[in-house]
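Analysis of the macromolecular model
Chain residues, written in single-letter form:
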Amino acid sequence: MHTIHWQKSTYSGDSSNCVYVAATPTGTVHLRESDEPETILTTAPAALKSLIRTLKAASDPQ
């Protein structure tokens, strides 16, 4: 069994509400929040990329 190495998102800054991300050897991506570290979301890299692209476009003040 592989150990998951969590990395704090650079967008979390120094606050206590942090998002962590980890990639697995099988290619899936895990996400968790510092407030509830036992709750882990799992997704594919392409789906996460699409979500981030959509969120960035929605927040862009064109």
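Everything discussed here concerns the structure shown above.
For the structure given in this document, a descriptive report is provided here. Computed from a predicted model, the values in this text were never measured in an experiment. (Residues numbered from 1 in each chain as written. Predicted model: local features only at pLDDT ≥ 70, side-chain atom pairs only at ≥ 80, totals over all residues. Heavy atoms only, no water.)

For the rest of this paragraph, the subject is the overall build of the protein. Of regular secondary structure, the protein possesses one helix and four strands. Traced from its N-terminal end to its C-terminal end, the protein shows the element sequence β-β-β-β-α. Overall size of the protein, expressed as C-alpha extent along the three principal axes, is 45 × 30 × 15 Å. Expressed as a percentage of contacts within the protein between residues at least 6 apart in sequence, the contacts between residues at least 24 apart total 10%. Entry remark: accessible area of the protein is about 5,100 Å², with carbon and sulfur atoms responsible for 57%. Counting 5 positive and 6 negative side-chain charges, the protein places the averaged centre of each group 13 Å from the other. (Helix = DSSP H or I, 4+ residues; strand = E, 2+ residues; numbered from the N terminus. Contact = heavy atoms within 4.5 Å. Areas by Shrake-Rupley, 256 points an atom, 1.4 Å probe, with all protein chains shown as cover. Lys, Arg positive; Asp, Glu negative; His and termini not counted. Charge placed at Lys NZ, Arg CZ, Asp CG, Glu CD.)

How two aromatic rings sit relative to each other is given by the distance of their centres and the angle of their planes. All chains considered together, the criterion is met by zero aromatic pairs. The side chain of Arg 32 reaches across the aromatic face of Tyr 20, ending 5.4 Å from its centre. (Phe/Tyr/Trp six-rings, centres within 6.5 Å; stacked < 30°, edge-to-face > 60°. Lys NZ or Arg CZ within 6 Å of the ring centre and 35° of its normal.)

Turning to the sheet that holds strand β2 (residues 19–23), a few remarks are in order. Spatially, four strands are ordered β1-β2-β3-β4 in an open sheet, and the strand pairing comes out antiparallel. A single partner strand is all that each edge strand has here, and the edge strands are β1 (7–8) and β4 (36–43). The sheet contact formed by β2 and strand β3 (residues 29–33) spans five bridges and is antiparallel. Across the sheet, residue Ala 23 finds its bridge partner in β3, namely Val 29. (Pairing = 2+ DSSP bridges.)

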